[in-house]
Amino acid sequence: MIAHDGHADHVEQNRRYWDDEAAAWHEPLARDHWLQAEPSWGLWATPESEVSVLPDDIGGMRTIELGCGTAYVSAWLARAGAHPIGIDLSEKQLATARAMQAEFGIDFPLVLGKAEAVPYDDNTFDLAISEYGASLWCDPYQWIPEAARLLVPGGRLVFMRYSPLFALCVQPEGSASTTLSRPQFGLTRLDWGNHVQFILPHGEMLRLLRSSGFVVEDLIEVQAPRPTDRDYAEISADWAQQWPSEEIWKARLTG
Ligand SMILES: C[S@@+](CC[C@H](N)C(=O)[O-])C[C@H]1O[C@@H](n2cnc3c(N)ncnc32)[C@H](O)[C@@H]1O
């Protein structure tokens, strides 16, 4: 893996990657998520009751899920009374989302497109959300200003991604070690050969959100629970019980 801040086009590479990966995300992952009564977030399935990702007044909100994948987050939003729309780059991921919609009888628009340029007018949405979608796979200098454009004044942006500490410690073969693997200065883009991810350090993310018109309301660094039956190739439970492997940002558009 190479960490650099180059500007080569990542979109086509990530589209191919996700079209190839989609089958692995269909069964049983998508259905298990769609079946959930209460939302839970990220690698460690942190319950919504612990982190309050969703606004209290979600009923009636117009929401856009940026990089929706199998769209279970939008399904949870629909069940809570919101009017979701999901956008994703991968036709195959959206095919799974459509199959889940048919199976669960929950319908909302699914748009094939990139979160860096969403085909909706300014001031269309009350909430923009991304759980490891645009928040990880899109250039933050493109997708965060785009989210600001889409939101009404006072609209909310919430997103989850790997932590910068994980990005600093992840080794070229893909697992987090307990030593630093690369410099933080210059960290933006992780090029894995067949896909590209983006993890901006905290100071730069804060400045980007502010310059895009957001006030940051919270940054939750997620700890893996003890005990947990979960473990991942990229992050062990032991690692994530000691250091934050993932984080949730909550911001509000000023105005
Ligand atoms: C890990 S999934 C996250 C979505 C969902 N939370 C899930 O787990 O199914 C990442 C998704 O981001 C999508 N994606 C990657 N780059 C994108 C882009 N530029 N615009 C929109 N979606 C993108 C991928 O196609 C993939 O479906």
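Residues numbered from 1 in each chain as written. Predicted model: local features only at pLDDT ≥ 70, side-chain atom pairs only at ≥ 80, totals over all residues. Heavy atoms only, no water.

1. Comments concerning the environment of Ala 237
Examined against the element boundaries, Ala 237 turns out to sit in helix H9 (residues 237–242). Under the relative-accessibility criterion, Ala 237 is labelled buried at 9%. The spacing of Ala 237 and Pro 227 is 10 residues in sequence and 8.7 Å in space, taken between C-alpha atoms. Setting aside residues up to four positions removed in sequence, Ala 237 forms contacts with Trp 44, Ala 224, Thr 228, Arg 230 and Asp 231. (Helix = DSSP H or I, 4+ residues; strand = E, 2+ residues; numbered from the N terminus. Buried < 20%, exposed > 50% of the residue type's maximum accessible area, 1.4 Å probe, protein only. Contact = heavy atoms within 4.5 Å.)

2. Some words on the sheet that holds strand E12 (residues 246–253)
Strand order in the open sheet formed by 7 strands is E6-E5-E4-E7-E8-E12-E11, and the pairing between neighbours is mixed. Looking at the sheet topology across the chains shown, the edges are occupied by strand E6 (110–112) and strand E11 (214–222). Adjacent strand axes in the sheet meet at a mean angle of 15 degrees when their direction is disregarded. For strand E4 (residues 62–66) and strand E7 (residues 125–131), the ladder comprises 3 bridges, and the chain directions are parallel. Looking at E7, one finds that Thr 63 is bridged to Leu 127. Packed on one face of the sheet, helix H6 (residues 140–150) meets E4, E7, strand E8 (151–162), E11 and E12 and runs near 150 degrees to E8. (Pairing = 2+ DSSP bridges. Axes fitted to C-alpha atoms, helices over the stretch in contact; angles between N-to-C directions.)

3. Structural notes on the nonpolar core
Grouped together as the largest cluster of nonpolar side chains are 51 residues, with contacts concentrated most on Trp 41 and Ile 235. In this structure, Trp 41 is in contact with Thr 46, Glu 48, Val 51, Val 53, Leu 54, Val 73, Trp 76, Ile 129, Glu 131, Met 160 and Glu 246, ignoring residues within four places of it in sequence. Counting residues in each nonpolar core, the second largest holds 27 residues, with Ala 128, Trp 143, Leu 157 and Met 205 among its members. (Core = buried A, V, L, I, M, F, W, Y, C linked by side-chain atoms within 4.5 Å.)

4. Here we look at the packing of helix H1 (residues 11–35) against helix H4 (residues 91–104)
Taken N-terminus to C-terminus, the directions of H1 and H4 make an angle of 25 degrees; their axes are 8 Å apart at the nearest point. The angle between H1 and H4 places the two elements in the roughly parallel class. When the axes of H1 and H4 are compared, the crossing they make is right-handed. Contact residues: H1 offers Trp 18, Asp 19, Ala 22, Trp 25, His 26, Ala 30, Arg 31, Trp 34 and Leu 35, while H4 offers Glu 91, Lys 92, Gln 93, Thr 96, Ala 97, Ala 99, Met 100, Gln 101, Glu 103 and Phe 104. (Parallel < 35°, antiparallel > 145°, perpendicular 65-115°, else oblique. Left-handed = near helix turned anticlockwise from the far one by under 90°.)

5. Some remarks on helix H8 (residues 202–211)
Listing the buried residues of H8 in full gives Met 205, Leu 208 and Leu 209. Taken around the axis of H8, the buried residues stretch over an arc of 95 degrees, which confines them to a single face. Turned more than 90 degrees from where H8 packs its buried face, Arg 207, Arg 210 and Ser 211 sit exposed. Two residues or fewer past H8, Gly 213 is found with a positive phi of approximately 105 degrees. (Arc of directions from axis to C-beta.)

6. Side note on the site of the ligand
Close contacts around the ligand come from 20 residues, with Asp 88, Gln 93, Ala 115, Glu 116 and Glu 131 the closest. Taking Gln 93, its side chain carries an N or O atom lying 2.9 Å from an oxygen atom of the ligand. Here Ala 115 contributes a backbone N or O atom positioned 2.9 Å from a nitrogen atom of the ligand. When the ligand is considered free in solution it has 580 Å² of accessible area, and contact with the protein chains removes 98% of it. Of the residues belonging to the shell around the ligand, the class tally is 9 nonpolar, 7 polar and 4 charged. (Near = heavy atom within 4 Å. Polar contact = N/O pair within 3.5 Å; in protein donor to acceptor, adjacent residues only side chain to side chain. Areas by Shrake-Rupley, 256 points an atom, 1.4 Å probe, with all protein chains shown as cover. Nonpolar A, V, L, I, M, F, W, Y, C, P; charged D, E, K, R; others polar.)

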